[in-house]
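# Remarks on the overall topology
Below, each chain spelled out in residue letters.
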Amino acid sequence: SLQVAYHNLSSFAQLLQGYAYILTHPGIPSVFYDHFYDWGESIHNQIVKLMDIRRQQDIHSRSSIRILEAQPCLYSAIIGERVCVKLGNGSWCPSGREWTVATSGHRYAVWQK
């Protein structure tokens with residue numbers, strides 16, 4: 001779509017970091033229609049991956065959260081003891097062999113048990 005041509009990589013990266021946060025954290029997330037259907041297949045597929053992780057790991061409005069890092073360039077947390085998310089450009093990954101990468105993108109990564 002033409003709309004995609006007007007958004008640069010930075011906008012896409014920030015958008016997907018936002019969805020990585022809201023779709024892996026407690027609450028009732030919403031996905032903007034245009035982001036899901038009009039911003040291209042890559043954005044759509046990443047949002048679908050994050051939605052699938054949320055559903056498969058049963059993240060809901062009352063899921064537990066443990067924030068591990070909260071710095072200007074790095075945020076990480078464990079949600080429901082089965083999902084771990086990292087946002088930002090700091091180098092970080094969860095400790096323990098039980099964690100496997102579920103999805104990742106520019107400045108975000110999600111692991112699951």
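Keep in mind that this is a model prediction, so the values were computed, not measured.

Procedures and definitions
- Here the residue numbers are simple positions, counted from 1 along each chain's written sequence.
- Note on the predicted model: pLDDT of at least 70 is required for a residue's local features to be given, and 80 or more for side-chain atom pairs to be given and counted; whole-chain, interface and lining totals, by contrast, use all residues.
- Hydrogens are left out, water is left out, and the side-chain values use all remaining heavy atoms of the structure.
- Strands are runs of DSSP state E lasting at least two residues, helices are runs of H or I lasting at least four, and both sets are numbered from the N terminus onward.
- The globule rule is 2.2 Å times the number of residues to the power 0.38, and the radius of gyration it is compared with is taken over C-alpha atoms.
- Throughout this description, buried means an accessible area under 20% of the type-specific maximum (1.4 Å probe, protein chains only), exposed means over 50%, and partly exposed covers the range between.
- Contacts are residue-level and defined by heavy atoms, with any inter-residue pair within 4.5 Å sufficient.
- Per-residue accessibility takes into account occlusion by the displayed protein chains alone, with areas from the Shrake-Rupley method and a 1.4 Å probe.
- Note on charges: Lys and Arg go in the positive column, Asp and Glu in the negative column, and His and the chain ends are not counted at all.
- A single reference atom marks each charge: NZ on Lys, CZ on Arg, CG on Asp, CD on Glu.
- UniProt positions are given in the numbering used here, feature names are shortened, and annotations may be inferred rather than shown by experiment.
- Each reported salt bridge corresponds to a side-chain nitrogen of Lys or Arg within 4 Å of a carboxyl oxygen of Asp or Glu.
- What counts as a ring pair is set by centres within 6.5 Å for rings of Phe, Tyr and Trp (its six-membered ring), and what kind of pair is set by the plane angle: stacked under 30 degrees, edge-to-face over 60, tilted for all other angles.

### Focus on the overall build of the protein
A count of helical and extended segments in the protein gives four helices and five strands. When the helices and strands of the protein are listed from N to C terminus, the series reads α-α-α-α-β-β-β-β-β. Taken over C-alpha atoms, the radius of gyration comes to 14 Å for the protein, in line with the 13 Å a tight globule of 113 residues would show. In terms of principal-axis extent, the alpha carbons of the protein reach across some 45 × 25 × 20 Å. For the protein, with 113 residues in total, the buried portion stands at 39%. Counting only contacts in the protein whose residues sit at least 6 apart along the sequence, the fraction spanning at least 24 positions is 49%. If you sum the accessible surface of the protein, you get close to 6700 Å²; carbon and sulfur atoms cover 52% of it. Both charge centroids of the protein, one from 10 positive and one from 8 negative side chains, sit 8 Å from each other.

### Digging into the UniProt feature "domain: Alpha-amylase C-terminal beta-sheet" (unreviewed entry) in the protein
On the UniProt side, "domain: Alpha-amylase C-terminal beta-sheet" (unreviewed entry) is annotated at positions that read residues 55–113 here. A distance of 14 Å separates the end C-alpha atoms of residues 55–113, which is 3% helix and 51% strand.

### Observations regarding the pattern of salt bridges
Counted according to the given criterion, the structure contains three salt bridges. One salt bridge in this structure joins Arg-55 and Asp-52, with 2.8 Å as the shortest N-O distance. Separated by three residues within a single helix, Arg-55 and Asp-52 lie in helix 4 (residues 41–56), roughly one turn from each other. A salt bridge links Glu-98 to Lys-113, with the nearest nitrogen and oxygen atoms 3.9 Å apart. A residue pair is termed long-range when its members are at least 10 positions apart, and Glu-98 in the loop between strand 3 (83–88) and strand 4 (100–105) and Lys-113 in the segment after strand 5 (108–112) qualify at 15 residues. The partly exposed category is assigned to Glu-98, whose relative accessible area is 41%. Since its relative accessible area comes to 38%, Lys-113 is described here as partly exposed.

### Details of the packing of aromatic side chains
For the structure shown, the criterion picks out four aromatic pairs. Grouping aromatic residues by their ring pairs yields a cluster made of Tyr-33, Phe-36 and Tyr-37.

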